[in-house]
Amino acid sequence: MSNFVGVLVSDPWLQNQFTQVELRGLKSKFLSTKRESGHVIVGDLPPLMGKLKGLKDVVTEQEIAGILAESYAETSHELDFESFLQAYLNLQARVAEKSGEMKNSSSFLKATTTTLLHTINESEKASYVAHINSYLGEDSFLKKYLPLDPASNELFNLVRDGVLLCKLINVAVPGTIDERAINTKGVLNPWERNENHTLCLNSAKAIGCTVVNIGTQDLIEGRPHLVLGLISQIIKIQLLADLNLKKTPQLIELVDDSKDMEELMSLGPEKLLLKWMNFHLKKAGYKKTVTNFSSDVKDGEAYAYLLNALAPEHSSPAVLDTKDPNERAKIVLEQAEKLDCKRYLSEKDIVEGSPNLNLAFVAQIFQHRNGLSTDTKSISLSQMMPDDIQVSRDERAFRLWINSLGIATYVNNLFEDVRNGWVLLEVLDKVSPGLVNWKHATKPPIKMPFRKVENCNQIIKIGKELNFSLINVAGNDIVQGNKKLILAYLWQLMRFNILKLLKNLRYHSQGKEISDVDILNWANSKVKGSARTPQMESFKDKNLSYGIFLLELLSAVKPRTVNWKLVTTGESDEEKKLNATYIITVARKLGCSVFLLPEDIIEVNQKMILTLTASIMYWSLQQTGENFEPSEEDSVSQTAPSDGDGSAVAESISDLAIDDAASDTSQSENGNSTIGG
């Protein structure tokens, strides 16, 4: 769990230019440089700054030295930490000014925070406040604070205790957080606020938000640009929730035949919304193609055609006849209100091309009237498509895990997005830097098919070096989209990652390999002597479905974290669901970043039970000084039988890794395999 004190800077303005995550990273680099020579001077900055965010691969060390020379006459001038931060800001500003990077991005899911500009868009703030007032106005706890005044800073004050953001996440994706675990008393102490924000950030990651540069202290301080950035992502996830074939099978109407289905499946919600919009615009006779929610919609003409096509009963010739963009935007909004669309933007926002608000506006139109077929053969074709369209729980968990790592590429559809190999190379490099030979990798867009195979061959090669079970498997299996193989590889990679993290806690493990059986034994040692539940025999012990063992484990690593008055016996399906939801929420509140669903606990999905238990173990060992001694047994690499048939072997490998015979450990079994040995 993040410490609520954080890195403090004496200059409030300077403090507000950085997130706590950024400050901790910069402080670490500053101190590391200082330890080498006892001080940090201007001459130390070019090689150091050249590796920092916003400067790396954009400006050379010589150029950095030149810019610094304008402010410092001597390279021997000594710098303190605040001067170091100021120099970094000045360099970023100069580089941004030079390259024109001050423009805002329209992609909300990859809208990571920046230290260059922290201006607040008042229109966006007003829109988000209206959304909160509308959806949370009747909440039993928040109603005494709502409605908020969009012209004030009430929003940033209200988010400081973490309750509002947790509730908003549940509005976006119902059931994500068990609200019984939110600290909601009148006045919260610093630890309780920190728990709420830890729960918020881990839950935000679990619904697909990018929160790499946000820490709990940033939310406790109510830092406007970070708060609005997070709220923007949460709201848009809610608004775009139906932009997929599972929720809206009628979207299959956007493609002419099954050959285009692959492309449709690979589109993220934002691009799918654009495809839907252009589908109707083309039918309505609009000659242009809308490629963004900013410059392409500023004149309001696309909206006029779209609403005329979807709601002719509310259309008016005046909307196309008028030459004034402001007047046209006004008529467009009046038409949209007749469809009960919430007013997420003003005429000014349309004319100025506000990307976030225009996207929200089009999403509202889609929700209220998508104009697609309701009873045609298209829907039956969608239902006849392979089950791969129905996103599996494993696909969801691995996709969210990948996106939580903070890699450059955002994954919308796991099975499609990994086929060129680039995403998996990014993940491998993030999990274990130095594994990937980037000289032999090709970055998308990739036109030549053999380049994709080369990327994927390197993925398989690295997997074998990590002792993954990949007998008779080639990179082309990933290129071809072998779903079982992709899930099998990612499961082994996820397990390698958590075991590596545990191993790296050397003061606990002495650098020894950690195995599944070590995690099992650790969990049983923590719950030992409980009168409520027996020991866990394996990670697929059916008794785990009741939830009691996992709750006892959470209670053991942090006393009083579980409110036993809320816990059921787990006898009925409903009681199991309540316990499972509570377990996941308490784990995230504790500080565990986990991506499983209640069903994974109820059905005892051993992969997810293992990762949950390992995450709790990792958190516990980080927080405490307890001694942990890994077992002395030799790790056994995963192997798969070879039968001479590539596809059959791939199938058996997938079954091994997914069904996880290796995870079926018990206290009497000591030969469990260790991934990443």
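A few points on the structure. Since the model is a prediction, treat every value here as computed from it, not as a measurement.

**Description of the overall build of the chain**
In step 1: Broken down by element type, the chain carries 32 helices and 0 strands.
In step 2: Counting across all 677 residues of the chain, residues that qualify as buried make up 54%.
In step 3: In the chain, of all internal contacts separated by at least 6 residues, the share reaching a separation of at least 24 is 66%.
In step 4: Of the roughly 29,700 Å² that the chain leaves accessible, carbon and sulfur atoms contribute 49%.

**Thoughts on the packing of aromatic side chains**
In step 1: According to the stated counting rule, one finds 10 aromatic pairs in the structure shown.
In step 2: Measuring from ring centre to ring centre gives 5.8 Å for Phe141 and Tyr145, while their planes differ by 55 degrees; the resulting arrangement is tilted.
In step 3: Using a relative accessible area of 9% as the deciding quantity, one classes Phe141 as buried.
In step 4: The exposure class assigned to Tyr145 is partly exposed, which follows from its relative accessible area of 32%.
In step 5: Taking 6.4 Å as the distance between ring centres and 70 degrees as the angle between the ring planes, the aromatic pair formed by Phe468 and Phe496 counts as edge-to-face. One end of the pair, Phe468, is in the loop between α23 (449-465) and α24 (475-479); the other, Phe496, is in helix α25 (residues 483-504), with 28 residues separating them in the sequence.

**Remarks on the environment of Ala587**
In step 1: For Ala587, the location among the structural elements is in helix α29 (residues 573-590).
In step 2: The spacing of Ala587 and Leu612 is 25 residues in sequence and 8.3 Å in space, taken between C-alpha atoms.
In step 3: Leaving out residues up to four positions away in the same chain, Ala587 has contacts with Leu554, Cys592 and Leu612.

**Some words on helix α31 (residues 606-623)**
In step 1: The end-to-end C-alpha distance of α31, which contains 18 residues, comes to 26 Å, matching closely the 26 Å that a straight helix rising 1.5 Å per residue would cover.
In step 2: For α31, a buried count of 15 out of 18 residues is recorded, marking the element as mostly surrounded by other parts of the structure.
In step 3: Structurally, the start of α31 carries an N-cap: the backbone nitrogen of Lys607 is 3.1 Å from a side-chain oxygen of Asn605.

**Observations concerning the pattern of salt bridges**
In step 1: Enumeration over the complete set of coordinates arrives at 21 salt bridges.
In step 2: With a shortest N-O distance of 3.3 Å, Lys607 and Asp394 are connected by a salt bridge. With Lys607 in helix α31 and Asp394 in helix α20 (residues 393-404), the pair connects residues that are 213 residues apart, well separated along the chain. Of the two residues, Lys607 and Asp394, neither departs from the other in class, the shared state being buried.
In step 3: Measuring nitrogen to oxygen at the nearest pair gives 3.2 Å for the salt bridge that ties Lys503 to Glu513. Placement of the pair is Lys503 in helix α25 and Glu513 in the loop between α26 (506-509) and α27 (516-527), with a sequence separation of 10 residues.
In step 4: Residue Lys503 is classed as partly exposed on the basis of its relative accessible area of 21%.
In step 5: Within the structure, one salt-bridge network assembled from shared partners comprises Asp139, Lys167 and Glu179.

**Quick look at the packing of helix α6 (residues 122-136) against helix α11 (residues 224-239)**
In step 1: At a closest axis distance of 11 Å, the pairing of α6 and α11 adopts a crossing angle of 55 degrees. On the basis of their axis angle, the class for α6 and α11 is oblique. The element α6 and its partner α11 pack so that their crossing is left-handed. Contact with α6, carried on its side by Lys125, Tyr128, His131, Ile132 and Tyr135, involves Leu228, Ile231, Ser232, Ile235, Lys236 and Gln238 of α11 and no other residues of that element.
In step 2: Of the residues belonging to the contact of α6 with α11, the class tally is 6 nonpolar, 3 polar and 2 charged.

**Overview of the nonpolar core**
In step 1: Leu155, Leu230, Ile231, Leu273, Trp276 and Met277 are the most contacted members of the largest nonpolar core, which has 88 residues in total.
In step 2: With 9 residues, the top contributor of residues to this core is α11.
In step 3: In this structure, this core is formed jointly by two domains, domain 2 (122-240) and domain 3 (249-368), each of which donates at least three residues.
In step 4: With residues up to four places along the chain from it excluded, the contact list for Ile231 reads Tyr128, Ile132, Leu155, Leu165 and Leu168.
In step 5: If you look at the next biggest cluster of nonpolar residues, it comprises 85 residues, including Leu414, Cys456, Ile459 and Val562.

**Some remarks on the packing of α27 against helix α28 (residues 548-557)**
In step 1: Here α27 crosses α28 at 75 degrees, and the two axes come no closer than 9 Å. With respect to each other, α27 and α28 are oriented roughly perpendicular. Between α27, through Trp522, Ala523, Asn524, Lys526 and Val527, and α28, the contact on the second element is made entirely by Phe549, Glu552, Leu553, Ala556 and Val557.

**Considering the environment of Leu612**
In step 1: Mapped onto the fold, Leu612 is located in helix α31.
In step 2: Each residue touching Leu612, except ones within four places of it in the same chain, is listed here: Leu550, Ile583, Ala587, Val594, Leu596 and Ile601.

What counts, and where the lines are drawn
Residues numbered from 1 in each chain as written. Predicted model: local features only at pLDDT ≥ 70, side-chain atom pairs only at ≥ 80, totals over all residues. Heavy atoms only, no water. Helix = DSSP H or I, 4+ residues; strand = E, 2+ residues; numbered from the N terminus. Buried < 20%, exposed > 50% of the residue type's maximum accessible area, 1.4 Å probe, protein only. Contact = heavy atoms within 4.5 Å. Areas by Shrake-Rupley, 256 points an atom, 1.4 Å probe, with all protein chains shown as cover. Phe/Tyr/Trp six-rings, centres within 6.5 Å; stacked < 30°, edge-to-face > 60°. Expected span 1.5 Å × (residues − 1). Polar contact = N/O pair within 3.5 Å; in protein donor to acceptor, adjacent residues only side chain to side chain. Salt bridge = Lys/Arg side-chain N within 4 Å of Asp/Glu carboxyl O. Axes fitted to C-alpha atoms, helices over the stretch in contact; angles between N-to-C directions. Parallel < 35°, antiparallel > 145°, perpendicular 65-115°, else oblique. Left-handed = near helix turned anticlockwise from the far one by under 90°. Nonpolar A, V, L, I, M, F, W, Y, C, P; charged D, E, K, R; others polar. Core = buried A, V, L, I, M, F, W, Y, C linked by side-chain atoms within 4.5 Å. Domains from an automatic or database assignment.

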